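So you can see what is in the structure, the chains are spelled out below.
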Amino acid sequence: MKRFLTSTLFVCLLAAAAVAQPPAPPSPKNSNPITKSRILQVDSSVTTKHTVTIKGKVIPYTATAGSIPIWDEDGRPVAGVFYTYYERDDVSDRATRPLVISFNGGPGTPSVWMEIGYTGPRRLNTDDEGYPIQPYGVSENPNSILDVADIVYVDPVNTGYSRIVNKDTPGTKFFGVNEDIKYLAEWINTFVTRKNRWASPKFLIGESYGTTRVSGLALELQNAQWMYLNGVILVSPTDLGIERSGPVQEALKLPYFAATAWYHQMLAPEYQQKELTAFLPEVENFTINELIPAMARGGFIDDAQKAEIAAKMSKYSGISEKLILDNNLDVSYDLFWKELLREKGFTIGRLDSRYRGIDRQAYGGSPDYNAELTSWLHEFTPAMNIYLRDELNYKTDLKYNMFGDVWPWDDKNDHTGENLRQAIAQNPYLHLLIQSGYFDGACDYFNAKYSLWQLDPSGRLKDRLKWEGYKGGHMLYLRKEDITTATENLRKFIQESVPKPGTPAKY
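As a starting point, this report considers the structure included with it. Being a predicted model, the structure only gives us computed values, none of them experimental.

**What about the overall build of the protein?**
Here is step 1: Across its full length, the protein carries 14 helices and 14 strands.
Here is step 2: For 507 residues, the compact-globule formula gives about 23 Å, and the C-alpha radius of gyration of the protein, at 23 Å, lands near that figure.
Here is step 3: Along the three orthogonal principal directions, the C-alpha set of the protein runs to about 80 × 55 × 50 Å.
Here is step 4: Counting all 507 residues of the protein, 58% fall into the buried class.

**Focus: helix H11 (residues 371-390)**
Here is step 1: Its 20 residues give H11 an end-to-end C-alpha distance of 29 Å, which sits within 8% of 28 Å, the value for a rise of 1.5 Å per residue.
Here is step 2: Looking only at H11, the buried set comprises Ala-371, Glu-372, Leu-373, Ser-375, Trp-376, Leu-377, Glu-379, Phe-380, Ala-383, Met-384, Tyr-387 and Leu-388.

**Describing the side chain of Gln-222**
Here is step 1: Along the chain, Gln-222 falls in helix H3 (residues 209-224).
Here is step 2: One polar contact links Gln-222 to Gln-426, side chain to side chain, over a distance of 3.1 Å.
Here is step 3: Residues within four places of Gln-222 in sequence aside, it is in contact with Met-227, Tyr-228, Ala-423, Gln-426, Asn-427 and Leu-430.

**A few points about the packing of helix H1 (residues 112-119) against helix H14 (residues 480-497)**
A pair of packed helices is captured by two measures, namely the crossing angle of their axes and the spacing between those axes.
Here is step 1: Packing of H1 against H14 leaves a shortest axis separation of 11 Å and a crossing angle of 100°. Classed by the angle they form, the pair H1 and H14 counts as roughly perpendicular. Along its contact with H1, which presents Gly-117, Tyr-118 and Thr-119, the element H14 presents Ile-483, Ala-486, Thr-487 and Leu-490.
Here is step 2: Looking at the contact of H1 with H14, its residues break down into four nonpolar, three polar and no charged.

**Observations concerning the packing of aromatic side chains**
Here is step 1: Tallied over the entire structure, the rule returns 35 aromatic pairs.
Here is step 2: Considering the side-chain rings of Tyr-131 and Tyr-355, the 4.5 Å spacing of their centres and the 35° angle between planes classify their relative orientation as tilted. One end of the pair, Tyr-131, is in the loop between strand S5 (122-124) and strand S6 (138-140); the other, Tyr-355, is in the loop between strand S11 (347-348) and strand S12 (356-357), and 224 residues separate them in sequence.
Here is step 3: According to the relative accessible area criterion, Tyr-355 is buried, its value standing at 2%.
Here is step 4: In this arrangement the basic side chain of Lys-253 is found over the ring face of Tyr-333, its NZ or CZ atom lying 5.7 Å from the centre.

**Side note on unusual backbone geometry**
Here is step 1: Each neighbour pair has its own omega, and for Gly-106 with Pro-107 the value is 20°, a cis peptide bond.
Here is step 2: Locating Pro-107 in the fold gives a position in the loop between strand S4 (99-103) and H1.
Here is step 3: A cis amide bond, omega 0°, links Trp-407 with the succeeding residue Pro-408.
Here is step 4: Following the sequence through the fold, Pro-408 ends up in the loop between H11 and helix H12 (416-426).
Here is step 5: Phi is positive for Leu-240, which is not a glycine, with a value near 60°.
Here is step 6: Topologically, Leu-240 is positioned in the loop between strand S10 (231-237) and helix H4 (246-251).
Here is step 7: Although it is not a glycine, Leu-329 adopts a positive phi angle of roughly 75°.

Conventions adopted
For every chain, the first residue of the written sequence is number 1, and numbering continues from 1 onward in sequence order. Under the rules for a predicted model, residues below a pLDDT of 70 receive no local features and side-chain atom pairs below 80 are neither given nor counted, while totals for whole chains, interfaces and linings still include all residues. Only hydrogens and water are set aside; all other atoms, that is, all heavy atoms of the structure, feed into the side-chain values. Only DSSP runs of H or I reaching four residues or more are called helices, and only runs of E reaching two or more are called strands; each is numbered from the N terminus. Computation of the radius of gyration draws on C-alpha atoms, with the globule rule given as 2.2 Å multiplied by the number of residues to the power 0.38. Only protein chains enter the calculation, and the probe is 1.4 Å; a residue is then buried if its accessible area is under 20% of its type maximum, exposed if over 50%, and partly exposed in between. One fewer than the residue count of a helix, multiplied by 1.5 Å, yields its expected span. In the analysis that follows, any N or O atom pair within 3.5 Å is treated as a polar contact, provided that within protein one partner can donate a hydrogen and the other can accept it, and provided that, for residues neighboring in sequence, both atoms belong to side chains. Contacts are assigned to residue pairs that have any heavy atoms within 4.5 Å of one another. Geometry is summarised by axes, namely lines fitted to C-alpha atoms with helices restricted to the contacting stretch, and by angles between N-to-C directions that run from 0 to 180 degrees. Orientation is classified from the angle alone, with under 35 degrees giving roughly parallel, over 145 giving roughly antiparallel, 65 to 115 giving roughly perpendicular, and any other angle giving oblique. Polar here means any residue outside two lists: the nonpolar Ala, Val, Leu, Ile, Met, Phe, Trp, Tyr, Cys and Pro, and the charged Asp, Glu, Lys and Arg; Gly therefore counts as polar. When the centres of two rings from Phe, Tyr and Trp lie within 6.5 Å, Trp using its six-membered ring, the rings pair. Their planes under 30 degrees apart give stacked, over 60 give edge-to-face, and anything left gives tilted. Our definition puts a charge over a ring when NZ of Lys or CZ of Arg is within 6 Å of the ring centre and also within 35 degrees of the ring normal.

As structure tokens, this is what we get:
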């Protein structure tokens, strides 16, 4: 059930010099300003000073925007990885100060989404539900987690400003599940060493494909870099390479369908009048206890039982019994997004099913476009470009790749879920938090729950594993109401995952 975020907005990559150009002389505002250029300087940075008010307290911090190289076996830079690093200034003991290392997904997207949408000190201008507003730009984020942790946002190769700089270096060195994990673990080692953060409690947070990335990194950092973590946070997780197929894969969609139908008021009053979180357990129990066993019998299920199952599915999902029966109880995501509001003239979004789209024609089995992704690119792209140039003073003519060309991507041998389990088993300090949006159809919430259940077959680690649900989509933090709760839960998770001084890591 691989479901990577994809886009047709791929751009041509720029072949650049293998050696960074020397930076311009320092100025009062910037410690090492970037020369205006279309060539990535693979080892350079700009620093600026700022403040943000969080929970009524003014937090002074230093922001660093720059690039750190990836080297080949001979020590030559083959790529530059762009990052933005936020470090609170009024901290006397950096050894006890948590460090959060943040990734987004795609796999071809940068860390822009969580940086200016969720946890960073600046947040894009948006309405209370996350829809674009003008003028574009960013403002203070009173929900940032910078009060409790320093944060570095990392853009993998060919995303954001990160680029391959040696034209002889093949993309296969970077573009695959395991290749991605290997070079980023090396990069994290370099970053932590340069910033003198080896003593700090460390956390990884990833969204979407970024959850695949950080799940694999948890074990790679331990086994190859000898770097041990305190926590891993998965926001809208993928399947993490955890096996699900046949009736299980087909059935697990239904609770997401039910949540979406509830949001659009397509259910009978008996369900519509219930609070969402009071309604969904009924659907989840039906899915596990009735739907999966029924689908496992395939075409040999009794006709009467099949009709009874279809009737329940229809009541829960808001689509007709006939459509469900015509599809042998297995309605695809695409068909659901096209069908639910077909008679009202709308499609619904993939990554966030609260969003509506308008197709050329009502006929068909899938929407013409992703309504939610178009909306997000509408607001995030100008905001990030304005922010990097005007506030972080990072001057470059490079295109900031919201979607970069990382294809073909080698998705074989994805064992990241098992890697994460092993990392948690090996490290008694390590805790896991999963956050999901109920209206996310790309990495749906019930599949996230299923992954959580399968991560620990023994049940002996479950006191360190936690799942949370929110009334949003893939970017669950776009709703004003949810970002407050979600960031507060992040604070709590970070603080509770740091042991008291002197507490040994042992069972």
